[in-house]
Amino acid sequence: MTTTPEGFVAPDFDDDSDRKLCLICSKGTLDMAYPGLILANGALEEGMEVHLFFTFWGLDIIRKKTVDKLTVTPVGNTAMRIGGTSLAMPQLLGALPGMSSMASWMMKRKIAGIDVPAVRDFITHVADAGAHLWACKMSVDMMGLSDDDFIDEVEETINVTRFLELSESAQVLFI
Amino acid sequence: MASVNIAGHEVQINEEGFMTDPSEWNEDIAGFLAGQIGIDALTEEHWKVIRFLREDYAEQGETATLRRVSTSAGVPTKQLYELFPKKPARKMAYVSGLPKPKGCV
């Protein structure tokens, strides 16, 4: 048995912490898929229990058909600037055909440029790290979807009561 | 900041307990630090991660994030969480004598 040297301190990693984070992901655009995934990943690295609850348009993030096709649109987005300048993108320009795909392509390129994975890979990463992914029952029914429509990382379709049970004593964020 | 003697080597640690000079690190120290945070024996899998972190730090000048370790060193995320439970990114940096990673992902 090694004795602890004088003056030595070991970091307190607080392994017994029971912190829990529940994220409600309600939007299915490329720019709104990332906040939930980044937060989930950070929380997992902090040793927290993490649940992601996908509802309404957020279901696009976990649908097989759409997960790789999330987009961001300049239309109605006043924060969209032209090429890194302070000039606002004219709304009519943003509405031209091809503008959304161009904006999405640029954003994906920027994200990849800083070594952040694409949404599909990011989901696999957080699921591997222990995140729980859930689909919202009401939204699934409303959109006529079934479990087969979702990527494998999704555990189950659950209702709001079940979500509230899971989120007991958790920090909850609506995105 | 304090100077402590670990496994016969004089090293600097900060208030939190992380080493502040990566060049003072060696494998004996890694074994001791791991023991302090509940990792009693460093296996070959642990060493693969630690060696990658050390080499990557030497090249990049900053500690690799978990994602970078999994993609570049080829150690699956799941396994990283098993090797360094609960807080893998910080624990692997600690044992490797490196600062905590700064990146988000």
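For the structure, see preceding data.
What comes next concerns the included structure. (Residues numbered from 1 in each chain as written. Chains lettered and ligands numbered in written order. Predicted model: local features only at pLDDT ≥ 70, side-chain atom pairs only at ≥ 80, totals over all residues. Heavy atoms only, no water.)

Focus: the overall build of chain A
The condition is simple: A run of H or I in DSSP becomes a helix once it reaches four residues, and a run of E becomes a strand once it reaches two; helices and strands are each numbered from the N terminus. Here the radius of gyration uses the C-alpha set of atoms, whereas the globule reference equals 2.2 Å times the residue count to the power 0.38. Contacts: residue pairs with any heavy atoms within 4.5 Å of one another. Per-residue and other accessible areas were derived by the Shrake-Rupley procedure at a 1.4 Å probe size, with only the shown protein chains allowed to occlude residues.
Each helix and strand in chain A was counted, giving six helices and five strands. Reading chain A from its N terminus to its C terminus gives the helix and strand order β-α-β-α-α-α-β-α-β-α-β. Computed over C-alpha atoms, the radius of gyration of chain A comes to 20 Å, more than 25% over the 16 Å expected from 2.2 N^0.38 for 175 residues, which places it beyond the range of a compact globule. Based on the C-alpha atoms only, the size of chain A along its principal axes is roughly 70 × 40 × 25 Å. Considering only contacts in chain A between residues 6 or more positions apart, those separated by 24 or more positions represent 72%. Summing over all exposed atoms, chain A offers an accessible surface of approximately 9,600 Å²; the carbon and sulfur share of this is 57%.

A word on the environment of A:Lys108
All names here are of chain A. Position of Lys108 among the secondary structure elements: in helix α3 (residues 99-113). Distance from Lys108 to Ala118, taken between C-alpha atoms, is 7.4 Å for residues ten residues apart in sequence. Apart from residues lying up to four places away in sequence, Lys108 is in contact with Leu30, Asp68 and Leu70.

Let's talk about a nonpolar patch on the surface
Residues and elements named next belong to chain A. This is how the line gets drawn: Only residues whose relative accessible area exceeds 30% and that form no salt bridge enter a patch; like-charged residues are grouped when within 9 Å of one another, and nonpolar side chains (Val, Leu, Ile, Met, Phe, Trp, Tyr) when within 5 Å. Salt bridge, as applied in this entry: a Lys or Arg side-chain nitrogen positioned within 4 Å of an Asp or Glu carboxyl oxygen. With a 1.4 Å probe rolled over the protein chains alone, any residue whose accessible area is under 20% of its type maximum counts as buried; one over 50% counts as exposed, and the rest are partly exposed.
Residues Phe56, Trp57, Met138 and Met142 make up a contiguous nonpolar surface patch of roughly 450 Å² in combined accessible area. Of note, Met142 is situated in helix α5 (residues 137-142). The class for Met142 is partly exposed, based on a relative accessible area of 45%.

Looking at a negative patch on the surface
Residues and elements named next belong to chain A. Heads up, the rule is: The charge count treats Lys and Arg as positive and Asp and Glu as negative. His and the chain ends do not count. To locate a charge, take NZ of a lysine, CZ of an arginine, CG of an aspartate or CD of a glutamate.
On the surface, Asp147, Asp148, Glu155 and Glu156 cluster together into a patch of negative charge. Checked against the element boundaries, Asp148 lands in the loop between α5 and β4 (154-158). On the accessibility criterion, Asp148 (60% relative accessible area) is exposed.

Brief notes about the interface of chain B and chain A
To keep it simple, the criterion reads: Here the quantity called buried area is the accessible surface, traced with a 1.4 Å probe, that two parts lose on coming together, added over both. Polar contact is the term for a pair of N or O atoms within 3.5 Å; when the atoms are in protein, one must be able to donate a hydrogen and the other to accept it, and sequence-neighboring residues count only if both atoms are side-chain atoms. Polarity classes work like this: nonpolar for Ala, Val, Leu, Ile, Met, Phe, Trp, Tyr, Cys and Pro, charged for Asp, Glu, Lys and Arg, and polar for all others, with Gly in that last group.
With 30 residues of chain B in contact, the opposing surface of chain A contributes 28 residues. Buried surface at the junction of chain B and chain A, summed over both partners, amounts to about 2,500 Å²; 59% is from carbon and sulfur atoms. Run the count over chain B and chain A and you get three salt bridges. In this structure, B:Arg90 engages A:Glu46 in a salt bridge whose closest nitrogen and oxygen atoms are separated by 2.5 Å. Counting across the interface, chain B meets chain A through eight residue pairs in polar contact (both at pLDDT 80 or more). Elements that contribute at least two residues to the side of chain B that touches chain A include exactly β1 (2-6), α1 (27-36), α3 (66-72), α4 (77-83) and α5 (88-95) of chain B. Element by element, the count of residues in the side of chain B that touches chain A is highest for α5(B), at five residues. Grouping the amino acids of the side of chain B that touches chain A by side-chain chemistry returns 15 nonpolar, six polar and nine charged.

So, the pattern of salt bridges
Within this structure, the stated rule accounts for eleven salt bridges over all chains. Across the pair A:Glu165 and A:Arg162 runs a salt bridge, and its minimum N-O distance is 3.4 Å. Of this pair, A:Glu165 and A:Arg162 both sit in helix α6 (residues 160-166), separated by three residues, roughly a single helical turn. Two residues, B:Asp56 and B:Arg68, come together in a salt bridge whose shortest N-O distance is 2.7 Å. Highlighted residues: B:Asp56 in helix α2 (residues 44-60) and B:Arg68 in helix α3, separated in sequence by twelve residues. Residue B:Asp56 is classed as buried on the basis of its relative accessible area, which comes to 5%. Linked by salt bridges that have partners in common, A:Asp115, B:Asp56 and B:Arg68 make up one network.

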